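# Analysis of the macromolecular model
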Number of protein chains: 2
Amino acid sequence: MKLPSGYRYASLYAGIRKYPKDDLAFLTSDVPAACAGVFTQNRVQAAPVRLCKANLKAGNGMVRAVLVNAGNANCATRSGDRVALATCRAAAKTLGVPAAQVLVASTGVIGVELDGKLITKALPQLAAALSPDSFRAVSEAIMTTDTRPKTSSAEVSAGNGAVNIAGMTKGAGMIMPMMATTLGFVMTDAAIAVGRLRGMLREAAEESFNRLSVDGDTSTNDTLLLLANGASGQKIGARDEGHFTDALTHVMQDLARQIARDGEGAKKLITIQVSGTRTKEDAARIARAIANSPLVKTAIAGSDPNWGRILSAAGNSGVPFDPSKTDVVLQGVTVCRAGLAARFSEPALKNKLDGDEVTIGVFINGSGRGESRFWTCDFTEDYIRINASYRT
Amino acid sequence: MKLPSGYRYASLYAGIRKYPKDDLAFLTSDVPAACAGVFTQNRVQAAPVRLCKANLKAGNGMVRAVLVNAGNANCATRSGDRVALATCRAAAKTLGVPAAQVLVASTGVIGVELDGKLITKALPQLAAALSPDSFRAVSEAIMTTDTRPKTSSAEVSAGNGAVNIAGMTKGAGMIMPMMATTLGFVMTDAAIAVGRLRGMLREAAEESFNRLSVDGDTSTNDTLLLLANGASGQKIGARDEGHFTDALTHVMQDLARQIARDGEGAKKLITIQVSGTRTKEDAARIARAIANSPLVKTAIAGSDPNWGRILSAAGNSGVPFDPSKTDVVLQGVTVCRAGLAARFSEPALKNKLDGDEVTIGVFINGSGRGESRFWTCDFTEDYIRINASYRT
């Protein structure tokens, strides 16, 4: 994996988690990096989300570091804002950079006070450990209930040379009670102005993290940051913007797919492809309704080609469409043609559905050229077992 | 149970289900009854839903009979409209009434052709069996995956005497694959004009069936009919309208609660009470978001007082509110006060959550006086087991 230049990473165990696994991570840029962020739309927002937004504003989108802790979401806590600000300032002081250029992110349990001293005490050691090579270690430190780290990268030609993009993310749903966070950090060594970077992130997020659902619950801590420090010496101008955004979208889709695949209790990655709607937004709404239907997700878990549930979920999306012009395709097999049962071999299709990747296609013929892709996972008894277990 | 006068009921096994349990039912009124209906909002609508709407229009809302079959939804079928119309006409002929005064409803598997001959052949025997006493038998015949029949009734003083209301419903979610139907039939012997009846049904449905969720999926066949035949000789005038609608709402809430309690795999009835929002609609949106959150429903299954999930689901509803003014109450115990953890004994509360009824209260202080109640059930491994099992 080729990493972008000019970034350093570190992680350690600060005692925030109950078990001794790294729970504090640092991502730094050697020079101020342009930064764009997208955050949870949940009305209940964690303190670190509020501080990120404030600092991005105060610092005009220039960022030197991101401090991340796992094991505590610092959400719905009395000391939330105070702890977020104190740890941000301490991190800034340790690095010798303005506090407005340091962002913080938290993931873990909601409603339990976060002990900021655990973090400030660990900062000198954390800063001393910063290294360009600890990318992987940081991607593991930010995990909560994830079963594996999630990273992706791309190399893009730009200007007279090449720039690199590398991202990491975490999130598996809420396997451990009150775990409710998706975090994503994407770094590039391209030089990109903050305004342009924001547009790129919005566009790429729309086609990746916003097309992802494990259980339909949006967390209080969702934070996705894109940093561009220019360390490659290559600037993304108008000529390169298109293919750079494509590569960025590709990296972020790869990360989003990894989250879906690692969804709580999930055994199958489900890709939903909707096309033929009037607009792209209509296609996304239909895809989201299918992705959030427990009945569709349990049918896939049971390898049941139950297309009635898929058609019904689409009809439930609020998007007007003509069912009698709608085809449903499962693993490449047309199971519903023009709104009616198609002929297919159920045992053969059931075998195809037994794999660990399932594709659902919904084609609405004649309405338009809108299309969208969406990722989710199947819904197994393990999801219930995990989420119904009493907190220990 | 005191039944309204002037209605007769019958059911028999016509061979639509695979197993020999009554699957065809008739509800008739001795005289034309005013009728109001509410139907699924799903874009995919079954043939009987379309025919109900057409006949209510063509017959000016006057109805003599409702013909119901279980075991086949007559949805997404080639012969759907043809079969619905043919069975409706045959039923009308058997009774000697206009076809526009006969409604039809179906529940069961989607996408499989319904054999109308099974129904028309059985009609003479069905009509011959009509009796005022077979209300209970019909409430059992319309069951699909329900574990028990669901009925409710009320007596209301009106005019110089009293009128009766009796209702039945079915629905447990979609325990058997592709079962996707809630049906409800409510009869009264009060005399009520069609226009007024429609308003009453809308009002009562809004506070009952529209405040109910098992798994967030709206079916293709949902049909709720209210019939008023005037057989009591008492008219519901302006003076009686209020308390009659209250009694009707009470009966329909009782039916809705029974559906939630019998939800697929459910062990607990969950009542969600939201108050203090700007409007009633805002309260209902927050309550619905909580009711549809798999994370809240699995926590309740595990008797886990996991209020962070409740607050997060509320924040996810799209309704603007101030989390720092929000209290969450579980089984009467305040678990979150002003958006922060309250002090409570977890073991004691866990014991309280082990019962078969759970109440979640969300109080948003200071925004307004909007409030709403909503019913759902917990989410257990049985739900997955039932819905993931391959069709047999």
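Residues numbered from 1 in each chain as written. Chains lettered and ligands numbered in written order. Predicted model: local features only at pLDDT ≥ 70, side-chain atom pairs only at ≥ 80, totals over all residues. Heavy atoms only, no water.

## Concerning the environment of A84 of chain B
All names here are of chain B. For clarity, the cut-off: Counting from the N terminus, the helices are DSSP H or I runs at least four residues long and the strands are E runs at least two residues long. Any two residues whose heavy atoms approach within 4.5 Å are treated as being in contact.
Tracing the chain through its elements places A84 in helix α2 (residues 80-95). Taking C-alpha positions, A84 is 7.0 Å from V104, a pair spaced 20 residues apart along the chain. Excluding anything up to four places from it in sequence, A84 contacts A47, P48, L51, N74 and V104.

## Quick notes on helix α8 (residues 294-301) of chain B
Residue and element names in this part refer to chain B. To keep things clear, this is the line we draw: Exposed residues in this analysis have more than 50% of their type's maximum accessible area, buried residues have under 20%, and partly exposed residues fall in between, with area computed by a 1.4 Å probe over protein chains only.
Judged by how many residues are buried, α8 sits mostly within the fold: seven of eight residues are covered. Every buried residue of α8 is accounted for by P294, L295, V296, K297, T298, A299 and I300. S303, located one to two residues past α8, shows a positive phi value of around 55°.

## Remarks on the side chain of D189 of chain A
Residue and element names in this part refer to chain A. To keep it simple, the criterion reads: When charges are counted, Lys and Arg contribute as positive and Asp and Glu as negative, whereas His and the chain ends are disregarded. Any carboxyl oxygen of Asp or Glu within 4 Å of a side-chain nitrogen of Lys or Arg constitutes a salt bridge here. For the purposes of these results, a polar contact is taken to be a pair of N or O atoms within 3.5 Å, where, inside protein, one atom must be able to donate a hydrogen and its partner to accept one; residues adjacent in sequence count only when each atom of the pair is a side-chain atom.
Assignment of secondary structure puts D189 in the loop between β7 (183-188) and α5 (194-206). Among buried charged residues, D189 stands out as having no salt bridge; its nearest opposite-charge side chain is K2, 7.9 Å away. Within polar-contact distance, the side chain of D189 engages the backbone nitrogen of N164 at 2.8 Å. Every residue in contact with D189, bar those within four places of it in the chain, is listed here: P4, S5, Y7, V163, N164, N229, G230, A231, S232 and G233.

## Remarks on the interface of chain A and chain B
The criterion, for reference: Using a 1.4 Å probe, buried area is obtained as the accessible area two parts lose upon being combined, added over both of them.
Chain A puts 59 residues into the contact, and the matching count from chain B is 59 residues. Summing both partners gives a buried area of about 4700 Å² for chain A against chain B, and 57% of it is carried by carbon and sulfur. For the pair chain A and chain B, the interface holds zero salt bridges. On inspection of chain A and its partner chain B, the count reaches six residue pairs in polar contact (both at pLDDT 80 or more).

## Some remarks on the relation of the copies chain A and chain B
Applied cut-off: Copies are brought into register by a least-squares superposition over C-alpha atoms of residues with pLDDT of at least 70 in both.
Mapping chain A onto chain B leaves a residual RMSD of 0.0 Å; the transformation is a rotation of 180° accompanied by 0.0 Å of translation along its axis. Such a combination of rotation and displacement between the chain copies is what one expects of a two-fold axis. Looking at the rotation axis and the C-alpha trace of chain A, the residue lying nearest is E381 of chain A, at 2.6 Å. When the interface residues of chain A are mapped onto chain B, 100% of them are again interface residues, pointing to one common binding face.

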